[in-house]
Amino acid sequence: MLDELLHRVSNHTPHDLQTDQRFPEAAVLVPITRSDEPELVLTLRASGLSTHGGEVAFPGGRRDPEDPDLIFTALREAEEEIGLPPGLVEVIGPLSPLISLHGIKVTPYVGVIPDYVEYQANDAEIAAVFSVPLEFFRKDPREHTHRIDYQGRSWYVPSYRFEGYKIWGLTAIMIVELVNLLYDAGIDLHTPPKSYINT
């Protein structure tokens, strides 16, 4: 089942960002556990960080000048942040890049990892490492919806809550692309859901 889903990722053509500007680059790893009920591994960023402190994110960060490519960046950052050895990650392929609020072009890479990894969170950056069943997001159990006007379009971005963790923003957009790709979930980010109240 998982291999069939991953086949969809490897054949996926991400949307390219049409932009005149050159943005600083970053990459995140979207780790999926190889198990009967695959899970996404996420982090809670330390509250003292200058950007996205206290927010849920995938492991990742800025590309260093010496990084040969963005896959290397994603794997390096995942090892630094949560102690995930690069050799345990089977990189499947990219999702669509996004521009963060801080003007950074972030490219997510889907990777498969064993489901028995013992994570070593870097306390300076990461407050917690946790996992969420992919099936949870497939049902789109949004707590509420944030409207973001960006690149001339309105985005209706879900905010999820799982065991006390709030999952929203860029991370939620990446998750929606993933579950739409894997499960044909049909979650539309450009149409307000029935539950959306225009405030």
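These remarks concern the structure in this document. A quick note: this is a predicted structure, and the numbers were derived from the prediction, not measured.

### Thoughts on the overall build of the protein
Item 1. Secondary structure summary: the protein contains four helices and eleven strands in total.
Item 2. For 199 residues, the compact-globule formula gives about 16 Å, and the C-alpha radius of gyration of the protein, at 16 Å, lands near that figure.
Item 3. Structurally, the protein occupies a C-alpha span of about 45 × 40 × 35 Å along its principal axes.
Item 4. Looking at the 199 residues of the protein, the share that counts as buried comes to 46%.
Item 5. Pairs at least 24 apart in sequence give 64% of the contacts found in the protein among residues at least 6 apart.
Item 6. Here the protein displays about 10,400 Å² of accessible surface, and carbon together with sulfur accounts for 49% of that area.
Item 7. Charge centroids of the protein, computed over 16 positive and 30 negative side chains, lie 8 Å from each other.

### Observations concerning helix H1 (residues 2-10)
Item 1. Where H1 is concerned, the buried positions are Leu2, Leu5, Leu6 and Val9. One side of H1 holds all its buried residues, which, seen down the axis, span an arc of 95 degrees. Opposite its buried face, H1 presents the exposed residues Asp3 and Glu4, each directed more than 90 degrees away.

### Points about helix H4 (residues 169-183)
One full turn of an α-helix is made of 3.6 residues, so residues set three or four places apart face in the same direction.
Item 1. End to end, H4 covers 21 Å across 15 residues, agreeing with the expected 21 Å (1.5 Å per residue, within 8%).
Item 2. Of all the 15 residues making up H4, 13 are buried; the element is thus mostly covered by neighbouring parts of the structure.
Item 3. Positive backbone phi, at 50 degrees, marks Asp184, one or two positions downstream of H4.

### A short note on the sheet that holds strand E9 (residues 144-150)
Item 1. Read from one edge of the open sheet, three strands run E9-E10-E11, paired in antiparallel fashion. In this open sheet, the two strands that pair with only one neighbour each are E9 and strand E11 (165-167). Neighbour to neighbour, the strand axes of the sheet diverge by 25 degrees on average, direction disregarded.
Item 2. Bridge analysis of strand E10 (residues 153-162) against E11 gives three bridges, and the strand direction is antiparallel. From the neighbouring strand, Arg161 faces E11, where its bridge partner is Lys166.

### Considering the environment of Val112
Item 1. Residue position: Val112 is located in strand E7 (residues 105-114).
Item 2. According to the relative accessible area criterion, Val112 is buried, its value standing at 4%.
Item 3. Put simply, Val112 and Ala124 are twelve residues apart on the chain and 26 Å apart in space, counted from C-alpha to C-alpha.
Item 4. Contacts of Val112, omitting those with residues within four sequence positions, involve Leu2, Leu6, Ile32, Arg34, Leu88, Val89, Glu90 and Ile92.

Each value, and the rule that gives it
Residues numbered from 1 in each chain as written. Predicted model: local features only at pLDDT ≥ 70, side-chain atom pairs only at ≥ 80, totals over all residues. Heavy atoms only, no water. Helix = DSSP H or I, 4+ residues; strand = E, 2+ residues; numbered from the N terminus. Rg over C-alpha atoms; globule rule 2.2 N^0.38 Å. Buried < 20%, exposed > 50% of the residue type's maximum accessible area, 1.4 Å probe, protein only. Contact = heavy atoms within 4.5 Å. Areas by Shrake-Rupley, 256 points an atom, 1.4 Å probe, with all protein chains shown as cover. Lys, Arg positive; Asp, Glu negative; His and termini not counted. Charge placed at Lys NZ, Arg CZ, Asp CG, Glu CD. Arc of directions from axis to C-beta. Expected span 1.5 Å × (residues − 1). Pairing = 2+ DSSP bridges. Axes fitted to C-alpha atoms, helices over the stretch in contact; angles between N-to-C directions.

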